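These are the residues of each chain, in order.
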Amino acid sequence: MVGYQKKSVAPKGKERRVEFTRFALGRNQKQTAGVLYAKESKNCDLAGGKLRCGIGRSPFSDAYGAEKAITDATGLTVFSYRSGLHNYKHRLGYTNGGGGLFLYNASSGAFEDILGGGSDVSTFLGISGKKEVLLFVYGDEGGFVYTRSGTLTQLFSRKVQAGCFYGERAFFFEYPFALNYSKALEPENFEIGVEEGGKVELPVLRGKVHSFAPLNGRLYCFGEQGGVRLTAEGSALEFEVEDLQLGVSGIFKGSVRVCGEYIFFLTKEGLWKFDGSKAQRAVENLQILPKAAQTCLSASAHGNYYLQYTEDGGETRSLVVDGKGENGYFSFVKTALSDCEGRGLFLENGYAYQVDGRGDLPQGESYFFDAECDFGCTEEKTVKSLSIQGRGKVAFTFVSERGEKSFEADLTDGEKQIPVKLKGKNFLLRIRLQAGGEIEKLGANVFCLAGS
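What counts, and at which threshold
- Residues numbered from 1 in each chain as written.
- Predicted model: local features only at pLDDT ≥ 70, side-chain atom pairs only at ≥ 80, totals over all residues.
- Heavy atoms only, no water.
- Pairing = 2+ DSSP bridges.
- Helix = DSSP H or I, 4+ residues; strand = E, 2+ residues; numbered from the N terminus.
- Axes fitted to C-alpha atoms, helices over the stretch in contact; angles between N-to-C directions.
- Phe/Tyr/Trp six-rings, centres within 6.5 Å; stacked < 30°, edge-to-face > 60°.
- Lys NZ or Arg CZ within 6 Å of the ring centre and 35° of its normal.
- Disulfide = S-S within 2.5 Å.
- Buried < 20%, exposed > 50% of the residue type's maximum accessible area, 1.4 Å probe, protein only.
- Salt bridge = Lys/Arg side-chain N within 4 Å of Asp/Glu carboxyl O.

*Asks:* Can you lay out the sheet that holds strand 19 (residues 198-201) for me, pointing to particular residues and giving the numbers?
*Replies:* The four strands are arranged 16-17-18-19 in an open sheet whose pairing can be described as antiparallel. Strands at the two margins of the open sheet, each flanked by one partner only, are strand 16 (160-166) and strand 19. Taking the axes of each pair of neighbouring strands and ignoring which way they run, one obtains an average angle of 20 degrees across the sheet. Relative to strand 17 (residues 169-174), strand 16 runs antiparallel, the two being bridged by six bridges. Note on strand 17: the bridge partner recorded for Cys164 is Phe171.

Rendered as structure tokens:
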């Protein structure tokens, strides 16, 4: 008897080529063909539709005291002063919740408290007409000025809610609604008089002021209930004050920051950008759900706006937004994030670091992009291979109900073809970039069973 051999039957279906030429966050997005949407992503910059490594960090070393460990800091500051005709030196300092302002003293080799306690304070730098850099300090105990020689002078004894240096003058907002300004070129001189210092009453802000922000030749003053525009250049006799019609309220303290052509701020409804005329929503590709009534941390550096806030669920989130307010992504959390004259400084394990586009990530962090994908067919399928175009080194993991496969690719020589050969209906694609890695385009060859 001749044996019978069963003839194999090839599964019915069709080959499909799927290409992704853009990458985006999936929340609040209308799904578009050719776009791979992330279920979750962190530390990845998606500007221009490419998937690339976001901001990193590097040790901050450009100040005396930067090599010293710091504990219990709520904010960082850098006091710069002239050393010679054209050179400046810098001293690192920090504030804590107990009202101390600690500046590094090179002679003693330690941080020393120049205030002696009180409430939590904030700082800003000003420059006199003699090019002397002054450190201004303010909080519930009033307003102060500190000089290179170590002299601390109290300027105001009542609570000061906000302060800044703008147009050759120092400004302090004294509770409940007095906007004090110094003499031009003498930011430490608040004596009231013609062509001297002065005061503007702003009762419309109802004592809830917390931030100043200069933009396009105007000084803006913000509080919980809105803001005002102050024309504050030239003679004090020409100062003008105008109420702002922002259309939003409940601006969070600590979130107001100038970056590029906008003033950014956070409210319970989300992140906003203000161009001097109107406020509009920023980074609509992100879902931002902040907890009400909070104090944020923020900085502006390297053309980006950095914001750290608390989500409604209690999670601390760190956000990076481009200067146009069009693209943003979530980044690693930064302790005591501070804006220090164009630097974004923060603490890591007690030491000062700065945000750095060429820096690396803290230990335990990664550049990751996780996406759920059915490759255009909802039934059983086989992902046969993947093509990748970009640069640097990347790692991929495919996960389906049938199994999991991982591989790495070095894109130094250009496009790579990777065999996958994994079956399933629904896939989770996990992408991990190494420092400097970037993906411009992904393609997949998929065999979809008949009927899919």
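After that view, the rundown keeps rolling.
*Asks:* Lay out the packing of aromatic side chains in plain terms, naming residues and giving numbers.
*Replies:* Under the counting rule described, the total for this entry stands at 30 aromatic pairs. Between the aromatic rings of Tyr138 and Phe172, the centroid separation amounts to 6.1 Å while the plane-to-plane angle is 65 degrees, which identifies the pairing as edge-to-face. Here Tyr138, found in strand 13 (residues 133-139), pairs with Phe172, found in strand 17; they are 34 residues apart in sequence, far enough to count as distant. In textbook terms, an aromatic cluster arises when at least three aromatic residues are bridged by ring pairs, as seen for Phe20, Phe375, Phe396, Phe398, Phe407 and Phe427. Lying over the aromatic face of Tyr175, Lys159 brings its terminal NZ or CZ to 5.5 Å of the ring centre. Across from the ring centre of Phe330, 3.7 Å away, lies the NZ or CZ of Arg317, which sits over that ring.

*Asks:* Residues and numbers for the state of the cysteines, please.
*Replies:* Applying the stated criterion across every chain, the model contains one disulfide. Across the disulfide from Cys377 sits Cys448; the S-S distance is 2.5 Å. Between Cys377 and Cys448, the S-S dihedral sits near -70 degrees, and the bridge is therefore left-handed. Residue Cys377 is located in the loop between strand 35 (367-373) and strand 36 (381-391), and its partner Cys448 is located in strand 41 (residues 438-449); the two are separated by 71 residues in the primary sequence. We note that Cys377, like Cys448, is buried. Between Cys259, a free cysteine, and Cys340, which holds the nearest cysteine sulfur, the sulfur-to-sulfur gap is 16 Å.

*Asks:* Give me the pattern of salt bridges: which residues, what numbers.
*Replies:* If you walk through the whole model with that rule in mind, you get 18 salt bridges. Among the ionic pairs, Asp360 bridges to Arg57, the shortest N-O distance being 2.4 Å. One end of the pair, Asp360, is in the loop between strand 34 (351-356) and strand 35; the other, Arg57, is in strand 7 (residues 56-59), and 303 residues separate them in sequence. Owing to a relative accessible area of 9%, Arg57 belongs among the buried residues under this scheme. Glu242 serves as the salt-bridge partner of Arg229, at 2.8 Å between the closest nitrogen and oxygen. Placement of the pair is Arg229 in strand 22 (residues 226-231) and Glu242 in strand 23 (residues 240-243), with a sequence separation of 13 residues. Among the residues examined, Arg229 registers a relative accessible area of 14% and is labelled buried. Take Glu242: its relative accessible area is 44%, and that puts it in the partly exposed class.

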